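Coordinate inspection notes
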Amino acid sequence: MNWSDEELIAGCKRRSAKHEEFFFKKYYGYVMGISLSYAKDRDLAKEIVNDSFLKFFGSIKNFDEFQSVKSWLRRITVNTSIDFYRKNKKIREQLEINEQTEVFHEVNAIGNLAYEDLIALLNQLPDDQKLVFNLYEVEGYSHKEIAGRLKITESSSRVYLARAKAKLRELVHTHLKEYAGR
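Residues numbered from 1 in each chain as written. Predicted model: local features only at pLDDT ≥ 70, side-chain atom pairs only at ≥ 80, totals over all residues. Heavy atoms only, no water.

Overview of the overall build of the protein chain
- In terms of regular secondary structure, the protein chain is built from 8 helices and 0 strands.
- Taken from the N to the C terminus, the helices and strands of the protein chain come in the order α-α-α-α-α-α-α-α.
- The buried share among the 182 residues of the protein chain stands at 40%.
- Sequence separation of 24 or more characterises 68% of the internal contacts of the protein chain that already satisfy a separation of 6 or more.
- By element, 51% of the accessible surface of the protein chain is carried by carbon and sulfur atoms, the whole surface being about 11,000 Å². (Helix = DSSP H or I, 4+ residues; strand = E, 2+ residues; numbered from the N terminus. Buried < 20%, exposed > 50% of the residue type's maximum accessible area, 1.4 Å probe, protein only. Contact = heavy atoms within 4.5 Å. Areas by Shrake-Rupley, 256 points an atom, 1.4 Å probe, with all protein chains shown as cover.)

Dropping the structure here:
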């Protein structure tokens, strides 16, 4: 069947298993793509996907027909990723670091990397750095918003971002050297 989003949402609001199944199948790839940008591996991404859809179906009554299904799903998935991070976060020292950050020269080599290469490089970052990088650079959250969501200081958010960028520059440089040597 080829139901519109409006029909799928209406069916999901009625708790129709068939509508929920079709909605899940239609948006699985979209939600998985978002989840993969926050998770280290596919298994963790699947957990985030499943939790995101459970939250979506659990809050479907609050869906406003004037909002975009994709933007609502994206928000739920990002929030679920943050919740997952917080829930599974091991005890870490709170960084008490000055606002100092080093100035780095931009590496304009990203165009030479494939999407899969970029994801593999991002997955090499520590969880906290990857999460802050995605929230700031991909989702557009401010350091204040990130600090509030992750229960860290704004300066810690800035440090995690600076470290993520520095590590990515190092990884890109290494990757390009390996690529050139082939």
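Things to note about the pattern of salt bridges
- Under the defined criterion, the tally for this structure stands at 8 salt bridges.
- Between E21 and K25 there is a salt bridge; the shortest N-O distance is 2.9 Å. In this pair, E21 and K25 are both assigned in helix α2 (residues 17–36), 4 residues apart and thus about one turn of the helix distant.
- Overall, the relative accessible area of 37% leaves E21 in the partly exposed class.
- The class for K25 is exposed, based on a relative accessible area of 57%.
- Measuring nitrogen to oxygen at the nearest pair gives 2.9 Å for the salt bridge that ties K165 to E137. Highlighted residues: K165 in helix α8 (residues 154–180) and E137 in helix α6 (residues 127–138), separated in sequence by 28 residues.
- The exposure class assigned to K165 is partly exposed, which follows from its relative accessible area of 26%.
- Its relative accessible area of 37% is what places E137 among the partly exposed residues. (Salt bridge = Lys/Arg side-chain N within 4 Å of Asp/Glu carboxyl O.)

Side note on the nonpolar core
- Counting residues in each nonpolar core, the largest one holds 24 residues, and the members touching the most others are V78, L131, L135 and L150.
- Among the secondary structure elements, those contributing two or more residues to this core are α4 (69–88), α5 (115–122), α6, α7 (143–150) and α8.
- Among the elements that take part in this core, α8 stands out by supplying 7 residues, more than any other.
- The next biggest cluster of nonpolar side chains, apart from the first, holds 22 residues, and it includes C12, F53, F63 and F84. (Core = buried A, V, L, I, M, F, W, Y, C linked by side-chain atoms within 4.5 Å.)

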